[in-house]
Amino acid sequence: MTDTGRGTFMKEKKPDLKPNLNIKTNLKMRKKIVAGNWKMNMTFDEAETLLTEIADALDDFTLDNTEVILCPPALYLEMASDVAEEASFSVGAQNCYPADNGAFTGEISPVMLRSLQVDYCIIGHSERRKYFNESHEFLMQKADALLRHDIHPIFCCGEVLSEREANSHFDVVRKQLEESLFHLPVEEFKKVVIAYEPVWAIGTGVNATPGQAQEMHAYIRQQIVEKYDYETANNTTILYGGSCNAKNAAELFSQNDVDGGLIGGASLKSEEFLQIVSAL
Ligand code: PGA
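Residues numbered from 1 in each chain as written. Predicted model: local features only at pLDDT ≥ 70, side-chain atom pairs only at ≥ 80, totals over all residues. Heavy atoms only, no water.

**Remarks on the sheet that holds strand E6 (residues 120–123)**
The cut-off we apply is this: Two strands make a pair as long as DSSP finds a minimum of two bridges between them. The numbering of helices and of strands both runs from the N terminus, where a helix is a DSSP run of H or I of at least 4 residues and a strand a run of E of at least 2. Where helices are involved, their axes are fitted lines through C-alpha atoms of the stretch in contact, as for all axes, and angles between N-to-C directions lie from 0 to 180°. Only heavy atoms matter for contacts: two residues are in contact if any of them lie within 4.5 Å across the pair.
Strand order in the closed barrel formed by 8 strands is E3-E4-E5-E6-E7-E8-E9-E10, and the pairing between neighbours is parallel. When strand polarity is set aside, the average angle formed by the axes of neighbouring strands in this sheet is 25°. Relative to strand E10 (residues 260–263), strand E9 (residues 238–241) is paired through 2 bridges, and the arrangement is parallel. Within the sheet, the bridge partner assigned to Tyr240 lies in E10 and is Gly261. Of the strands in this sheet, E6 and strand E7 (152–157) are in contact with helix H5 (residues 136–148), which crosses E6 at around 175°.

Printed below as a string of C-alpha cells:
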C-alpha cells in the first residue's frame with residue numbers, strides 16, 4: 001500500500017506474462033512519470049484553472065523519483081512554466097519543428113521551447129503521424145533538434161488495430177524505434193522517454209490490458225538492450241498511453257516494465273489526473 005497523502009491505494013501485483021530482463025528490473029530505479037497530454041483542448045481561462053488546481057494539489061504529494069509533466073497547447077506553455085516555477089510539475093510541449101529558427105510559418109522551435117523552460121516535448125504521437133504524415137525520418141530530426149537544446153523527447157510508438165490483428169505489432173514498434181531513435185549515441189538516448197501507445201486504445205475507452213502493455217514494454221526494453229546495453233534499458237522510462245484513467249491506472253502501473261502513463265482525456269480534469277498520479 002502506498003500512502004500518497006491523497007488517499008491510500010492498493011497495488012496488486014499481477015503475474016507477468018513475460019519474464020523480466022533480470023532481477024534489477026524489479027527495483028524500478030528508473031524515473032516514474034505521469035504526463036498529461038492536453039491535446040487541442042482548453043481555453044486560456046480553463047487552462048489556468050487546471051494548472052493551478054494541479055499545482056496546489058501536488059503540494060500534498062510526495063513525489064520520490066517521480067515526475068509529473070503537463071503538456072498544454074503551445075499557447076499556454078508560458079503560463080504553465082510560470083505556474084511550474086512554484087510547483088512540483090514539469091512542462092512539456094506537444095510538438096516542435098526540427099530547426100532552430102527561420103521561415104517556417106506557424107511552427108515552434110526547440111530553441112523557443114527552451115527559452116520558456118520547457119523540459120519535455122512529445123514527438124511521434126499517432127495523431128501527428130496520421131493527420132500530418134510525420135515520417136520516421138522527420139521524427140528522427142525532431143529528436144535530434146530537441147536533444148541539441150536539452151529537451152527530453154517523449155517518443156510515442158504503437159501499432160494500429162490491423163497491425164495487432166496481423167500480429168505485426170512488435171515489428172511495427174521495433175521499426176519505429178529503429179528508424180527514429182536508434183541512431184542516437186547512448187548518452188543522448190538516455191535522455192529519451194518512450195511512450196507505448198497502441199493506436200486502437202487512444203481515446204477509445206478500450207485500454208490495452210495490463211498483460212498486453214507489459215508484454216510490449218518488456219519487448220521495447222529488450223530492443224534497447226540489444227541496441228545499447230542492459231543498464232540503459234533498465235534506466236529508460238517507458239510510459240503506457242491509451243485510455244489510461246483513474247480506474248485502470250494502478251493495475252497498468254503495477255506491471256514491471258510500465259513506468260507510468262501518458263494521459264490524454266483523463267488529464268483534463270484535475271481530480272482524475274491526480275488520482276492517476278496517486279496510482280504510481
Ligand atoms: P487518451 O490519449 O488517454 O485520451 O486515450 C492518450 C494519448 O493520446 O496520449
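Okay, back to it.
**Section: a negative patch on the surface**
To keep it simple, the criterion reads: Patches here: salt-bridge-free residues with over 30% relative accessible area, like charges joined within 9 Å, nonpolar side chains (Val, Leu, Ile, Met, Phe, Trp, Tyr) joined within 5 Å. Here the open area of atoms and residues is found with the Shrake-Rupley method and a 1.4 Å probe, where only the protein chains shown may cover a residue. We count a salt bridge whenever a side-chain nitrogen from Lys or Arg sits within 4 Å of a carboxyl oxygen from Asp or Glu. Positive charges come from Lys and Arg, negative ones from Asp and Glu, while His and the chain ends are left out of the count. Charge positions come from single atoms, namely NZ of Lys, CZ of Arg, CG of Asp or CD of Glu.
A grouping of Glu53, Asp56, Asp59 and Asp60 is seen on the molecular surface, where their side chains present a negatively charged patch. The residue Asp59 is located in the loop between helix H1 (44–58) and strand E4 (66–71) in this model.

**Observations concerning the site of the ligand**
To keep things clear, this is the line we draw: In this text, near means that some heavy atom of the residue lies within 4 Å of the molecule or strand in question. N or O atoms closer than or at 3.5 Å make up a polar contact, with two conditions inside protein: a donor-capable atom paired with an acceptor-capable one, and, for residues adjacent in sequence, both atoms drawn from side chains. Three residue categories are used. Nonpolar comprises Ala, Val, Leu, Ile, Met, Phe, Trp, Tyr, Cys and Pro, charged comprises Asp, Glu, Lys and Arg, and polar comprises the others, including Gly.
Around the ligand, the surrounding shell holds 13 residues, and the nearest of these are Lys39, His125, Glu197, Gly203 and Ser243. Note that an oxygen atom of the ligand is positioned 2.7 Å from one of the side-chain N or O atoms of Glu197. Taking 280 Å² as the accessible area of the ligand by itself, protein coverage stands at 95%. Of the residues assigned to the shell around the ligand, the class counts are 4 nonpolar, 7 polar and 2 charged.

**Overview of the confidence of the model for the protein**
Here is the rule: The quantity called pLDDT is the predictor's confidence in a given residue, expressed from 0 to 100.
Summary statistics for the protein give a mean pLDDT of 91 and a share of 90% for residues scoring 70 or more. Every residue in residues 1–26 is under pLDDT 50, and counting partners more than four places away or in other chains gives 52 contacts.

**Some words on the pairing of E6**
Condition: Think of it in three bands: residues with accessible area under 20% of the maximum for their type are buried, residues over 50% are exposed, and the middle band is partly exposed, with areas taken using a 1.4 Å probe on protein chains only. Every crossover in which the path from the first strand over the helix to the second runs clockwise, viewed with the strands pointing away from the viewer, is termed right-handed.
Residues Tyr120 and Ile122 line one face of E6 and the alternating positions Cys121 and Ile123 line the opposite face, and both faces are buried. Bridge analysis of strand E5 (residues 90–93) against E6 gives 2 bridges, and the strand direction is parallel. The residue of E6 that forms the bridge with Gly92 is Tyr120. Considered for its hand, the β-α-β crossover made up of E5, helix H3 (residues 110–115) and E6 is right-handed. Summarising the sheet, E6 and E7 pair through 4 bridges and their orientation is parallel. What sits directly across from Cys121, in E7, is Pro153.

**Focus on the packing of aromatic side chains**
For the record, the criterion: Aromatic rings from Phe, Tyr and Trp, taking only the six-membered ring of Trp, are treated as a pair when their centres fall within 6.5 Å; an angle between ring planes under 30 degrees marks them as stacked, one over 60 as edge-to-face, and anything in between as tilted. Two conditions define a charge sitting above a ring: the NZ of Lys or the CZ of Arg must be within 6 Å of the ring centre, and it must be within 35 degrees of the ring normal.
All told, the structure shown has 8 aromatic pairs when counted by the stated rule. Both rings, one in Phe189 and one in Tyr228, keep their centres 4.5 Å apart while their planes meet at 25°; by these two values the pair is stacked. Pair noted here: Phe189 is in helix H8 (residues 186–189) and Tyr228 is in the loop between helix H9 (210–227) and helix H10 (230–235), with a separation of 39 residues, a long-range link. Here Phe189 and Tyr228 have matching classes, each one buried. Taking NZ or CZ as reference, Arg128 lies 4.1 Å from the ring centre of Phe132, over its face. Seen from the ring of Tyr228, Lys227 lies directly overhead, with NZ or CZ sitting 5.8 Å from the centre.

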